[in-house]
Amino acid sequence: MPAVADTCPRPLFGANLEAALVEGLAERGWAAIEQAIDPELVPALRARAQTLYARNAFDEGRVGRGEALTGAPRIRRAEIAWLEGEDAAERRLLDGAEALRQTLNRELFLGLFEFEAHFAHYPEGGFYRRHLDAFAGGVKSRVVSFVAYLNEAWAEGDGGELAMWTGPDDTGEPTALIAPKPGTLVVMLSERIPHEVRPAARERLSLAGWFRVNPGVGGVLDPAA
Ligand code: OGA
Ligand code: MN
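Residues numbered from 1 in each chain as written. Chains lettered and ligands numbered in written order. Predicted model: local features only at pLDDT ≥ 70, side-chain atom pairs only at ≥ 80, totals over all residues. Heavy atoms only, no water.

Asker: It is not clear to me how the site of ligand 1 should be interpreted in this structure. Could you clarify?
Answerer: Asp 133, Tyr 149, His 195, Arg 204 and Ser 206 are the nearest of the 13 residues found near ligand 1. The side chain of His 131 places a nitrogen or oxygen atom 3.2 Å from an oxygen atom of ligand 1. Between Ser 206 and ligand 1, the recorded distance is 2.8 Å, taken from a side-chain N or O atom to an oxygen atom. Isolated, ligand 1 exposes 290 Å² of accessible area, and the fraction of that covered by the protein chains is 98%. Elements supplying a minimum of two residues to the shell around ligand 1: β5 (127–131), β6 (142–149), β10 (195–197) and β11 (204–212). When residues of the shell around ligand 1 are assigned to their parent elements, the largest contribution, four residues, is made by β11. Here the shell around ligand 1 is composed, by residue class, of eight nonpolar, three polar and two charged. (Near = heavy atom within 4 Å. Polar contact = N/O pair within 3.5 Å; in protein donor to acceptor, adjacent residues only side chain to side chain. Areas by Shrake-Rupley, 256 points an atom, 1.4 Å probe, with all protein chains shown as cover. Helix = DSSP H or I, 4+ residues; strand = E, 2+ residues; numbered from the N terminus. Nonpolar A, V, L, I, M, F, W, Y, C, P; charged D, E, K, R; others polar.)

Asker: What exactly am I supposed to notice about the side chain of His 118 here?
Answerer: Tracing the backbone through its elements, the reader meets His 118 in strand β4 (residues 114–122). Residue His 118 is classed as buried on the basis of its relative accessible area, which comes to 5%. Once residues lying within four places of it in the same chain are set aside, the contact partners of His 118 are Arg 76, Ile 80, Ala 81, Trp 82, Leu 83, Ser 206, Leu 207, Ala 208 and Trp 210. (Buried < 20%, exposed > 50% of the residue type's maximum accessible area, 1.4 Å probe, protein only. Contact = heavy atoms within 4.5 Å.)

Asker: I would appreciate a short explanation of the sheet that holds β10 in the present structure.
Answerer: Whether parallel or antiparallel, the strands of a sheet pair through hydrogen bonds between backbone atoms. Reading across from one edge, β2-β5-β10-β7-β8 is the order of the five strands in this open sheet, with antiparallel pairing throughout. The two strands at the open ends of the sheet, each matched to only one other strand, are β2 (76–77) and β8 (176–178). Pairing analysis gives two bridges linking β5 to β10, with the strands arranged antiparallel. When the sheet's bridge partners are listed, Tyr 128 is paired in β10 with Val 197. (Pairing = 2+ DSSP bridges.)

Asker: Could you clarify how one ought to interpret the coordination of the manganese ion (ligand 2) in this entry?
Answerer: By definition of the ideal shapes, four donors in a tetrahedron about a metal sit 109.5 degrees apart, and six donors in an octahedron sit 90 or 180 degrees apart. Donor atoms from the polypeptide that bind the manganese ion (ligand 2) are His 131 (NE2), Asp 133 (OD) and His 195 (NE2), placed at 2.1 to 2.2 Å. Counting the intervening residues between successive donors of the manganese ion (ligand 2) yields the motif H-x1-D-x61-H. Linking His 131 in strand β5 with His 195 in strand β10, this pair joins segments that are 64 residues apart in sequence. Judged by relative accessible area, His 131 falls into the buried class, the value being 10%. (Donors = N, O, S within 2.8 Å, 3.2 Å for Na, K, Ca; no water.)

Asker: Explain the side chain of Arg 204 to me, please; I cannot follow it from the model alone.
Answerer: Following the sequence through the fold, Arg 204 ends up in strand β11. Here Arg 204 occupies a buried position and makes no salt bridge, while the nearest side chain of opposite charge, Glu 161, is found at 7.8 Å. For Arg 204, the side chain forms a polar contact with the main-chain oxygen of Gly 160, separated by 2.9 Å. Setting aside residues up to four positions removed in sequence, Arg 204 forms contacts with Ala 120, His 121, Tyr 122, Tyr 149, Asn 151, Trp 154, Gly 160, Pro 180 and Val 197. (Lys, Arg positive; Asp, Glu negative; His and termini not counted. Salt bridge = Lys/Arg side-chain N within 4 Å of Asp/Glu carboxyl O.)

Asker: What is the right way to read the layout of surface pockets from this model?
Answerer: Rolled over the atoms, a probe as big as a water molecule pinpoints where empty space is left. Computed from the structure, the largest pocket encloses a volume of approximately 780 Å³. Taken together, 34 residues form the lining of the largest pocket, with Val 63, Arg 76, Tyr 128, Arg 142 and Trp 210 sitting closest to its centre. Breaking the lining of the largest pocket down by element, the ones donating at least two residues are α4 (61–70), β3 (79–82), β4, β5, β6, β10 and β11. With five residues, the top contributor of residues to the lining of the largest pocket is β11. Along the lines of polarity and charge, the residues of the lining of the largest pocket split into 19 nonpolar, six polar and nine charged. (1 Å grid on protein atoms, 1.4 Å probe; cavity = no way out; pocket = protein on both sides within 12 Å on 5 of 7 lines; lining within 4 Å. Points joined across faces, edges and corners; volume = space filled by probe spheres on them.)

Asker: Quick question: what am I supposed to make of the environment of Glu 173 here?
Answerer: For Glu 173, the position within the fold is in the loop between β7 (162–164) and β8. Assessed through its relative accessible area of 67%, Glu 173 is described here as exposed. In the structure, Glu 173 is positioned 10 residues away from Ala 163 in sequence and 9.1 Å away in space, judged by C-alpha atoms.

Structure representation (structure tokens):
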């Protein structure tokens, strides 16, 4: 019965929205659009994240683990759970990301190979200090980052804004502060745009994903990718 929805999804992003994302990435390395995600999909994804949270499916992920051992200051205080496409809301988001991947490849020749995404739960006081999602010169993998917000509402004073800088050498004030309002979508070039999640004054839910190129060696596809 759900086969109709599964095989013929409504597009997640209209052509206009995709064009705005492409333009932002090409011209300044990032774009943020309010109410970009279907208003029916946002609560469905939120419910999915809450179900996973209630099942203890979230953990600190890789960023947090090494720090506990080294005693280094924490860069992130949040927990994550990877999307596996196990429910309809996740599949719809992943289908939309797939359509966007094809558009980005067609318009910007990025050669994006796949998309991976996790839910992120920031507790009250949670944060993610300034970072890049990928390092230029390292094994090239994450190329375009994707962040969508699943909060029910977000008010001035709730904190948790996403701060954006223009590039790795920009040590000034951030050029933008994006509130994590329901349905807002941000995309950015993973190697180029430093960003930070300011401390959240209340629980904060986001979905972060990455379009990756295959870092395979010598033309052989990386079997682990
Ligand atoms: C990330 C990230 C931003 C956010 O997970 O790498 O930068 O607003 N997330 O949740
Ligand atoms: Mn990031």
